[in-house]
Amino acid sequence: QVQLVESGGGLVQAGGSLRLSCAVSGIIFRINAMGWYRQAPGSQRELVARITSGGGMSKYADSVKGRFIISRDNAENRVFLQMNSMKPEDTAVYYCNVLDRRGPTINWGQGTQGTVSS
């Protein structure tokens, strides 16, 4: 059974940083692309960052480009999201998922809440 367990959220002031972590089990992690999504209250879930299986390429939503960094540790079966220069509009529940060409492939985990105060 595939499991996604997100952690690392919290409350920060505008301009602050958070580092999110996602532990993945039940799949061959190193052969799968991964992504981080977020969902703000009243909004649809959106993809903010994705990374290839080997970690050599990443892509970002325009809203986070230059501030967020996605990375992965294939030995530890984890994917990370470093969020810097955070803004109140980054407030959301953050989720990770395994990606294929169509999008997320696994049932969503519980997510981790990131809240940015102004």
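Throughout this description, residue numbers start from 1 for each chain and increase along the sequence as written. Thresholds applied to this predicted model are a pLDDT of at least 70 for local features of residues and 80 or more for the giving and counting of side-chain atom pairs; totals over whole chains, interfaces and linings are not thresholded and use all residues. Note that water and hydrogens are dropped before the side-chain values are worked out from all heavy atoms of the structure.

Draft legend 1. Broad picture of the pattern of salt bridges. What counts as a salt bridge is simple: a side-chain nitrogen of Lys or Arg found within 4 Å of a carboxyl oxygen of Asp or Glu. Counted according to the given criterion, the structure contains five salt bridges. The residue Asp90 makes a salt bridge to Arg67 at a minimum N-O spacing of 2.7 Å. Pair noted here: Asp90 is in the loop between β8 (78–83) and β9 (92–100) and Arg67 is in the loop between β6 (58–60) and β7 (68–73), with a separation of 23 residues, a long-range link. The buried label goes to any residue with under 20% of its type's maximum accessible area, the exposed label to any with over 50%, and the partly exposed label to all in between, with areas taken from a 1.4 Å probe on protein chains only. Its relative accessible area of 1% is what places Asp90 among the buried residues. Where Arg102 meets Asp100, a salt bridge forms, and the shortest distance between an N and an O atom there is 3.2 Å. Judged by its relative accessible area of 26%, Asp100 falls in the partly exposed class. Several salt bridges converge on common partners, so that one network encompasses Arg38, Glu46, Arg67 and Asp90. In DSSP terms, a helix is any run of H or I states spanning at least four residues, a strand is any run of E spanning at least two, and both are numbered starting from the N terminus.

Draft legend 2. Expanded view of unusual backbone geometry. Unusually for a residue other than glycine, Asn77 sits at a positive phi of about 55°. Note on placement: Asn77 falls in the loop between β7 and β8. Asn77 gets classed as partly exposed once you look at its relative accessible area, which sits at 25%. Positive phi values are uncommon outside glycine, yet Ser85 reaches one of about 45°. Tracing the sequence through the fold places Ser85 in the loop between β8 and β9.

Draft legend 3. Structural view of the packing of aromatic side chains. Working definition: rings of Phe, Tyr and Trp (its six-membered ring) pair if their centres are within 6.5 Å, and the pair is stacked with planes under 30 degrees apart, edge-to-face with planes over 60 apart, and tilted otherwise. Taken as a whole and judged by the stated rule, the model has two aromatic pairs. Ring plane angle 80° and centroid distance 5.0 Å describe the contact between Tyr37 and Trp108, whose orientation is recorded as edge-to-face. Of this pair, Tyr37 sits in strand β4 (residues 33–39) while Trp108 is found in the loop between β10 (103–104) and β11 (112–117), placing the two residues 71 residues apart along the sequence. A relative accessible area of 8% means that Tyr37 is categorised as buried. An angle of 70° between the planes, with centres 5.7 Å apart, marks the rings of Tyr95 and Trp108 as edge-to-face. Within this pair, whereas Tyr95 is found in strand β9, its partner Trp108 is found in the loop between β10 and β11, the two being separated by 13 residues in sequence. For Trp108, a relative accessible area of 32% puts it in the partly exposed group. Here the aromatic residues Tyr37, Tyr95 and Trp108 are joined through ring pairs into a cluster of three or more. Here, a charge over a ring means that NZ of Lys or CZ of Arg falls within 6 Å of the ring centre while also lying within 35 degrees of the ring normal. Sitting over the ring of Phe80, Arg19 keeps its end group 4.4 Å from the ring centre.

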